[in-house]
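# Remarks on the overall topology
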Amino acid sequence: MKQDEHEMPAKDAPRPTILVVEDHEDTFTILRFLLERGGYAVRHAADGRQAQELVSTIAPTALVVLDVMLPFLSGLQLIGFIRKQPQWRSVPILMLTSDATERDVVLALDEGANDYVTKPFNPKELLARVHRLAGRPTALAS
Amino acid sequence: MVDTLILHWVWKTVFATGLFSMAVLVLILALRLGRRYHAFRRHAFRTQWHPLLSRGVIEDVPGLPPLARRDRYAFLELWVAFQESFTGESRERLNHLALRLGVDRTALRLSRGSRLSKRLVAMTALGYLRCPEAWDVLHNLIRHANPTLSLVAARALARIDGNRALPLLVPHFASRHDWPLTEVTQVLRETGSDLAAPMLGQTALTGSPEQAARLIRLIEAIRGVTALSLVREVLDAHPDDATIVPAALRLLGQCEDPRDLPRLRRYVRHANWIIRLQAAAALGKMGTMEDEDELIALLSDQHWWMRYRAAEGLSRLPQMTRQRLITIRARIDDEAIASVLDPWLGPPVDQVA
């Protein structure tokens, strides 16, 4: 099973980890770049099943960034799955939606997502939302 | 003598077959090596430029490496993908980076080429770059018979200068049925609803009924409230047109301006059931309790969709309650007609905890 892991070694303080569930490689690469520069470590699941497996096996992350359209299991289905895991119940979820799936936003918020960003997105806005939900990393905050 | 001749031919055949097999083998090896080299080049290109573009999205990148001529198209492809992933100042940063590398000239050259895929990428790039030198090339292409090429040209023009492009594009939006409405809507949204909607409305006033209906659907798609008065004029000029009236009624329902209620009420008894349907759907969004009797009457319409929309409209009326819907249902003798209200009644009372 392909399961990418991209973690930057912590220098001063341990970096908060964010789970990014995104099947589009280019989008994920950009997200990883932005989040790592923003002071976070990133774990990646490239489809719904990988995400389910990660959520079942790793410790809860500071935030889940979740694409709506995913292979095998949609982002909306994943929200339900994540919210059923006792340890993950309170982990904030930021949805990534495209213009065409904006109607899914209401469903996602109903299911338990905390916020959403529409693609194409403004990197600063995305990072601001991430900081708000995951907490600003200590190194940056200082 | 014969044996020697046969041996000679056999030898020649074996030699030719061997030679042919060797040639095929060499060709296969060359193709495989070519593919591996291409993959290697592509990987090397992405390894170098993807991080630079990612960085360029959020900050200036000093000291860019030179961009090899053979990588220029690959760069444009990657750069366009980046442009389509971001909004805001990131797009300006990406433009600045592209201009430093001089890929605007590459895009201009490719937009005049013969390879469709390269032309499309180049034209998209010229639009994002807002390259004024590309205006004439793109303007000529909006009349092209290929719908993809012409629509990409239209989109690029709108990005370069929306104010200048829209008067040129709107007549094409009205008449080019090979341009999907969803794609045209994207172009209009990028130029801004307030700018686009009045132009669509003005063109609808002078166009054929079919064109007017298409333009009104576009106004609805971009939520062009500023064109509402123009659409009312179109509707009043073609009060029974089977294409214009449904499109206009949908728009009126979307805008929910109470001044349009008398117009909507005129259409709920129209002979054309599609017009009745849109009138009922719009009344469901903005009607008052005055419309209750009319909507109840429409529950007996011969068309199922009409009955469905009437029931939906009833359920949405202000001050409508579940109890009142139950009472209305009880007053209807025909069970087939009454049952159309059921989806809005929720579970039977005895099943509600």
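Cut-offs applied
- Residues numbered from 1 in each chain as written.
- Chains lettered and ligands numbered in written order.
- Predicted model: local features only at pLDDT ≥ 70, side-chain atom pairs only at ≥ 80, totals over all residues.
- Heavy atoms only, no water.
- Helix = DSSP H or I, 4+ residues; strand = E, 2+ residues; numbered from the N terminus.
- Rg over C-alpha atoms; globule rule 2.2 N^0.38 Å.
- Buried < 20%, exposed > 50% of the residue type's maximum accessible area, 1.4 Å probe, protein only.
- Contact = heavy atoms within 4.5 Å.
- Areas by Shrake-Rupley, 256 points an atom, 1.4 Å probe, with all protein chains shown as cover.
- Lys, Arg positive; Asp, Glu negative; His and termini not counted.
- Charge placed at Lys NZ, Arg CZ, Asp CG, Glu CD.
- Pairing = 2+ DSSP bridges.
- Right-handed = clockwise from strand over helix to strand, strands pointing away.
- Domains from an automatic or database assignment.
- Buried area = accessible area lost by both parts, 1.4 Å probe.
- Salt bridge = Lys/Arg side-chain N within 4 Å of Asp/Glu carboxyl O.
- Nonpolar A, V, L, I, M, F, W, Y, C, P; charged D, E, K, R; others polar.
- Patch = residues over 30% accessible without salt bridge, like charges linked within 9 Å, V, L, I, M, F, W, Y side chains within 5 Å.

### Describing the overall build of chain B
Per the secondary structure count, chain B includes 19 helices and 0 strands. A compact globule built from 353 residues should have a C-alpha radius of gyration of about 20 Å, whereas chain B, at 32 Å, is more than 25% larger. With the C-alpha coordinates aligned to their principal axes, the bounding extent of chain B is approximately 105 × 65 × 50 Å. Evaluated residue by residue, chain B yields a buried proportion of 46% over its 353 residues. Relative to all contacts within chain B whose residues are 6 or more apart in sequence, the contacts with residues 24 or more apart total 67%. When the accessible surface of chain B is totalled, it reaches about 18700 Å², and 57% of it is carbon and sulfur. Computing the positive centroid from 46 side-chain charges and the negative centroid from 37, chain B places the two 12 Å apart.

### Some details on the overall build of chain A
For chain A, the helix and strand inventory stands at 6 helices and 6 strands. In chain A, the order of α-helices and β-strands from amino to carboxyl end is β-β-α-β-α-β-α-β-α-β-α-α. The buried share of chain A, taken over its 142 residues, is 51%. When contacts within chain A are restricted to residue pairs at least 6 apart in sequence, long-range pairs at least 24 apart make up 65% of them.

### Observations regarding the pairing of strand β4 (residues 63-67) of chain A
Residues and elements named next belong to chain A. Of all 5 residues in β4, 5 are buried, a share of seventy percent or more. The alternating pattern of β4 places L63, V65 and D67 and V64 and L66 on opposite faces, both of which are buried. The sheet contact formed by strand β2 (residues 17-21) and β4 spans 4 bridges and is parallel. Residue pairing for β4: V20 is matched across the bridge by V65. As paired elements, β4 and strand β5 (residues 93-98) share 4 bridges and run parallel to each other. From the neighbouring strand, L66 faces β5, where its bridge partner is M95. Running through helix α3 (residues 75-84), the crossover from β4 to the neighbouring parallel element β5 is right-handed.

### Brief notes about the domain arrangement of chain B
Assigned domains of chain B: these are domain 1 (75-160) and domain 2 (285-353). Just the C-alpha atoms count here: the centres of domain 1 of chain B and domain 2 of chain B sit 53 Å apart.

### Digging into the pairing of β2(A)
Residues and elements named next belong to chain A. Of all 5 residues in β2, 4 are buried; the element is thus mostly enclosed. Strand direction decides the pairing type here: β2 and strand β3 (residues 41-45), joined by 5 bridges, are parallel. Bridge pairing links T17 to A41 in β3. Traced from β2 through helix α1 (residues 25-37) to β3, the parallel crossover comes out right-handed.

### Some words on the interface of chain A and chain B
Taken together, the 12 residues of chain A in the interface contact 18 residues of chain B. Among the residues chain A hides against chain B, the three largest losses belong to I30(A), F33(A) and P120(A). Together they make up 37% of the total. The interface formed by chain A and chain B holds 3 salt bridges in total. E59(B) is the partner of R37(A) in a salt bridge, and the nearest nitrogen-oxygen pair spans 2.8 Å. Broken down by element, the side of chain A that touches chain B gets its largest block of residues, 6 residues, from α1(A). Of the residues in the side of chain A that touches chain B, the class split is 6 nonpolar, 2 polar and 4 charged.

### Quick look at a nonpolar patch on the surface
Residues and elements named next belong to chain B. A cluster of nonpolar side chains, contributed by I6, V10 and V14, occupies part of the molecular surface with about 280 Å² of accessible area. By secondary structure assignment, the location of V10 is in helix α1 (residues 2-58). What makes V10 partly exposed here is its relative accessible area of 46%.

### A few points about the pattern of salt bridges
All names here are of chain B. Applying the stated criterion across every chain, the model contains 31 salt bridges over all chains. D291 is paired through a salt bridge with R265; the nearest N and O atoms lie 2.5 Å apart. One end of the pair, D291, is in the loop between α15 (273-286) and α16 (292-298); the other, R265, is in helix α14 (residues 261-267), and 26 residues separate them in sequence. According to the relative accessible area criterion, R265 is partly exposed, its value standing at 28%. For R309, the salt bridge is made with E312, and the minimal N-O distance between the two is 2.7 Å. With a gap of 3 residues between them, R309 and E312 both fall in helix α17 (residues 304-316), about one helical turn apart. For E312, a relative accessible area of 12% corresponds to the buried category.

### Side note on the environment of E77(B)
Secondary-structure assignment places E77(B) in helix α2 (residues 72-85). In the structure, E77(B) is positioned 41 residues away from K118(B) in sequence and 8.8 Å away in space, judged by C-alpha atoms.

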